[in-house]
Amino acid sequence: MALPLAEVGYYEEWWVQILKGIVIFAVALQLVPIVLIAERKLLGRFQGRYGPNRVGPYGMLQPLADIVKLLTKEQFRPTTSAGLLFALAPGISIVTAVAAFAIIPFGDVQHIGGERVGLYGIDVSIGPLYLFAFGAIAFYGIMLGGWASGSKYSFLGAMRAAAQLISYEVSQGLALVGVIFTAQTLSLTGIVHAQGGMWYIVPQFVGFLIFLTASFAETNRAPFDLTEADAELVGGYNTEFGGGRFASYYFAEYLNVLVVSGIVTTVFLGGWLLPFGVHPPGWVDPIVVLVKMGLVTFFFIWVRATLPRLRYDQLMSFGWKVLLPLATLNALVTAVIVVVSHK
Amino acid sequence: MTWDPGQDVVSVQRAPAPGATRSFWRTFRETMRGLATTMGRWFEGTVTIQYPEEKVPVYPRFRGRHKLHRFEDSDPAHPGLEKCVGCSLCAAACPADCIRVVAAENTPEHRVSAGERYAAVYEINLSRCIFCGYCEVACPFDAITMGHDYELSAYDRSDLIFTKEMLLAEPLERTPLRREGE
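Keep in mind that this is a model prediction, so the values were computed, not measured. (Residues numbered from 1 in each chain as written. Chains lettered and ligands numbered in written order. Predicted model: local features only at pLDDT ≥ 70, side-chain atom pairs only at ≥ 80, totals over all residues.)

1. Digging into the overall build of chain A
Spelled out, the test is: Numbering of helices and strands runs from the N terminus, with a helix taken as a DSSP run of H or I at least four residues long and a strand as a DSSP run of E at least two residues long. We take the radius of gyration over the C-alpha atoms and set the globule estimate at 2.2 Å times the residue count to the 0.38 power.
For chain A, the count of helices and strands is eleven helices and two strands. Ordered by position in the sequence, the α and β elements of chain A form the string α-α-α-β-β-α-α-α-α-α-α-α-α. A compact globule built from 343 residues would reach a C-alpha radius of gyration of about 20 Å, and chain A, at 20 Å, matches this within 12%. Over its C-alpha atoms, taken along the principal directions, chain A stretches across nearly 60 × 50 × 50 Å.

2. Notes on the overall build of chain B
Put simply, the test is: Here a residue counts as buried when 20 or more other C-beta atoms fall within 10 Å of its C-beta, as exposed when 12 or fewer do, and as partly exposed in between; the C-beta atoms come from the backbone.
Per the secondary structure count, chain B includes four helices and five strands. Against the compact-globule benchmark of 16 Å for 182 residues, chain B has a radius of gyration of 31 Å, which places it well outside the compact range. Considering only C-alpha atoms, chain B reaches an extent of 100 × 55 × 35 Å along its principal axes. Residue burial in chain B is summarised as follows: out of 182 residues, 15% are buried.

3. What about the sheet that holds strand β5 (residues 161–162) of chain B?
Residue and element names in this part refer to chain B. As a reminder, the rule being used: Each pair of strands is called paired provided DSSP finds at least two bridges between the two strands.
As summarised here, the arrangement of the three strands in space is β2-β3-β5, forming an open sheet in which the pairing is antiparallel. Two strands close off the open sheet at either side, each with one partner strand: β2 (99–105) and β5. Bridge analysis of β2 against strand β3 (residues 117–125) gives seven bridges, and the strand direction is antiparallel. Counterpart to Ile-99 in the pairing with β3 is Ile-124.

4. Overview of the environment of Pro-286 of chain A
Residue and element names in this part refer to chain A. Note the following rule: The contact criterion used here is simple: two residues whose C-beta atoms, placed from the backbone, lie within 7 Å are in contact.
Considering the arrangement of structural elements, one finds Pro-286 in helix α10 (residues 285–306). Residues Pro-286 and Tyr-120 lie 166 residues apart in sequence; the distance between their C-alpha atoms is 9.6 Å. Setting aside its immediate chain neighbours within four residues, Pro-286 contacts Phe-106, Gly-107 and Leu-119.

5. A short note on the interface of chain B and chain A
Put simply, the rule is: Side-chain classes follow a simple rule in which Ala, Val, Leu, Ile, Met, Phe, Trp, Tyr, Cys and Pro form the nonpolar group, Asp, Glu, Lys and Arg form the charged group, and the remainder, Gly included, forms the polar group.
Contact residues are listed per partner, giving ten residues for chain B and ten residues for chain A. Of the residues belonging to the side of chain B that touches chain A, the class tally is three nonpolar, five polar and two charged.

6. Some words on the packing of helix α4 (residues 127–148) of chain A against helix α5 (residues 152–183) of chain A
All names here are of chain A. For clarity, the cut-off: Lines fitted to C-alpha atoms define the axes, with helix axes restricted to the stretch in contact, and inter-axis angles between N-to-C directions lie between 0 and 180 degrees. The labels follow the angle: roughly parallel below 35 degrees, roughly antiparallel above 145, roughly perpendicular from 65 to 115, and oblique for the rest.
Contact geometry of α4 with α5 gives a least axis separation of 8 Å together with a crossing angle of 175°. Here α4 is positioned roughly antiparallel relative to α5, judged by the angle of their axes. Seen from α4, the contacting residues are Pro-128, Phe-132, Gly-135, Phe-139, Ile-142, Met-143, Gly-146 and Trp-147; seen from α5, they are Ser-154, Phe-155, Gly-157, Ala-158, Ala-161, Ala-162, Leu-165, Glu-169, Gly-173, Leu-176 and Ile-180. Of the residues belonging to the contact of α4 with α5, the class tally is 13 nonpolar, five polar and one charged.

7. Things to note about helix α3 (residues 83–101) of chain A
The following threshold applies: Expected helix span is computed as 1.5 Å times (number of residues minus one). One axis is fitted to the seven residues ending at the residue and one to the seven starting there. The bend at that residue is the angle between these axes.
The terminal C-alpha atoms of α3 of chain A lie 29 Å apart, and with 19 residues this matches the ideal 27 Å at 1.5 Å per residue to within 8%. Approximately 30° is the largest bend angle found in α3 of chain A, and it occurs at Ala-89 of chain A, with the proline Pro-90 of chain A only one to four residues beyond.

8. Things to note about the nonpolar core
In a soluble, globular protein the nonpolar side chains are often hidden away together inside. What counts, and what does not: In these notes, a nonpolar core means any group of buried Ala, Val, Leu, Ile, Met, Phe, Trp, Tyr and Cys residues linked to one another through C-beta atoms within 7 Å.
Tyr-254, Leu-255, Leu-258 and Val-259 of chain A are the most contacted members of the largest nonpolar core, which has 85 residues in total. With 13 residues, the single largest contributor to this core is helix α9 (residues 243–267) of chain A. If sequence neighbours within four positions are ignored, Tyr-254 of chain A has contacts with Val-32, Val-35 and Leu-36 of chain A. Core analysis: the next-biggest nonpolar cluster, separate from the first, contains 20 residues, Leu-68, Cys-94, Cys-139 and Ile-144 of chain B among them.

9. Digging into α5 of chain A
Between its first and last C-alpha atoms α5 of chain A spans 46 Å; for 32 residues at 1.5 Å apiece the expected length is 46 Å, and the two agree. Of the residues trailing α5 of chain A, Gln-184 of chain A is marked for its positive phi of about 60°.

10. A closer look at the confidence of the model for chain B
Residue and element names in this part refer to chain B. Quick note on the threshold: Scored from 0 to 100, pLDDT records how confident the predictor is in each individual residue.
Mean pLDDT over chain B works out to 84, with 95% of the residues at or above the 70 mark. Taking the mean pLDDT of every element in chain B, the minimum, 85, falls on helix α1 (residues 20–44) and the maximum, 92, on helix α3 (residues 134–138). Interface scoring of the predicted complex returns ipTM 0.72; its pTM is 0.79.

11. A short note on the packing of helix α7 (residues 205–218) of chain A against helix α11 (residues 312–341) of chain A
Residues and elements named next belong to chain A. The condition that has to hold: Helix crossings fall into two classes, left-handed where the near helix is turned counterclockwise from the far one by less than a right angle and right-handed where it is turned clockwise.
As a packed pair, α7 and α11 sit with axes 10 Å apart at the nearest point and diverge in direction by 145°. Taken as a pair, α7 and α11 cross one another with a handedness that is left-handed. Contact with α7, carried on its side by Val-206, Gly-207, Ile-210, Thr-213 and Ala-214, involves Leu-323, Leu-326, Ala-327 and Asn-330 of α11 and no other residues of that element. Class assignment of the residues belonging to the contact of α7 with α11 gives a composition of six nonpolar, three polar and no charged.

12. What about the pairing of β3 of chain B?
Moving residue by residue along a regular strand, the side chains alternate between the two faces of the sheet. Two elements, β3 of chain B and β5 of chain B, share two bridges in a ladder whose sense is antiparallel. Opposite Ile-124 of chain B, over in β5 of chain B, you have Phe-162 of chain B as the bridge partner.

13. Observations concerning unusual backbone geometry
All names here are of chain B. Even without being glycine, Ser-88 reaches a positive phi, approximately 65°. In this structure, Ser-88 sits in the loop between β1 (66–68) and α2 (89–93). The backbone phi angle of Phe-131 is positive, close to 55°, even though this residue is not glycine. As for its position among the elements, Phe-131 is in the loop between β3 and α3.

In structure tokens:
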């Protein structure tokens, strides 16, 4: 019987699913501070300085100190803010980021203790759609947060976020369409399996570039961090947030970077596959995925250290006049090639 | 009658407008160049001097905290006596008015300085001092000179009033001195 819901590639026992959920959330929680410290250290190196190096060995405990500091702060709320939404918005950001993390495959189905376990939260048959659905809800976290603050800076940041995210989500989606045409599946594990011969970064290089560029905008990171734009908007949508709520936004931002890195890894960099026909045992798969994610995240930080923030009209014209036509063209050409080569 | 621009026309030379492909390529190339630049900074290494552990050496003429001087113990004429004779020229020269000198007569039994008088009280308020070095210039006996110490923070403002004993004491060498040619 066909359910109106999305099909799921593989079911485990209920207790395995709960365990997987806990493990994935724990992994995400551990990765975020690592990305935090990596970003600050790398930005320092890119600018000829050390970055944080006082807390703990090599400054590695800096994120811990930051979190303790943020969580012990007062929960300040402007009198003009809309109470419930103001408190809810950072939560939406975190929930959507963690939810999107669930579909990143860290490995194939493994046999662990007699159970068959897929090394991913869930293998939905609508992978990219699920991702974009939660990406779209994530806007509400930023939008409502900025709007509910009752501050003009936050409001401007929120409006920019809305316009920017809508513009770039289109290109991001179209960039993935080429991959989906080629792989003939929407399941992320299916897309990884389809890359056995060649990673999609080679045949879909243009799509890769478009997706990567749009991802910078989607995660609100430099050079598209106009929603935060500290120089002109103080802090953008999170101007009025402090303490734990600010920490939530911060957490969500870096988790989003990880999610996007995971998607790039899965869709373009062959997921857990290794090149040159190397087939390591199953337990290596998550390590391979994490290393590839780390490389993509490194690139994110590298670009942040390099490119200045775009002007708002440049952002819009780049999104609509360059990325969107390119992405459309890429999807069309891919479609034609797929149809011709399948005859 | 329409206006005739005649000779007034200034033609502005502009670069040819890049086409879509060329401007795309240019953007891509410049982005790559930027990425190479930032990566180059990484390979160059850091320029940070980690201050409390590492310090920038000061030049010999650096004007830090003042020092008062004595004659050497081996000096034949005035062994071990203070050079300051309490003339208050430094206090007169001081634009920040931070030096206080109270002079007293030397007696044969109680001989402190080489001259007729000596400084019974010599105080410099370092919270007012602007480190201009005029006191050093004004001193006829080279009794006061500017040292190299610049780490002068204190928890209390009164701790920054340095007395004669503190200024005469051999200072802790906390500041590295720049060597010749460094």
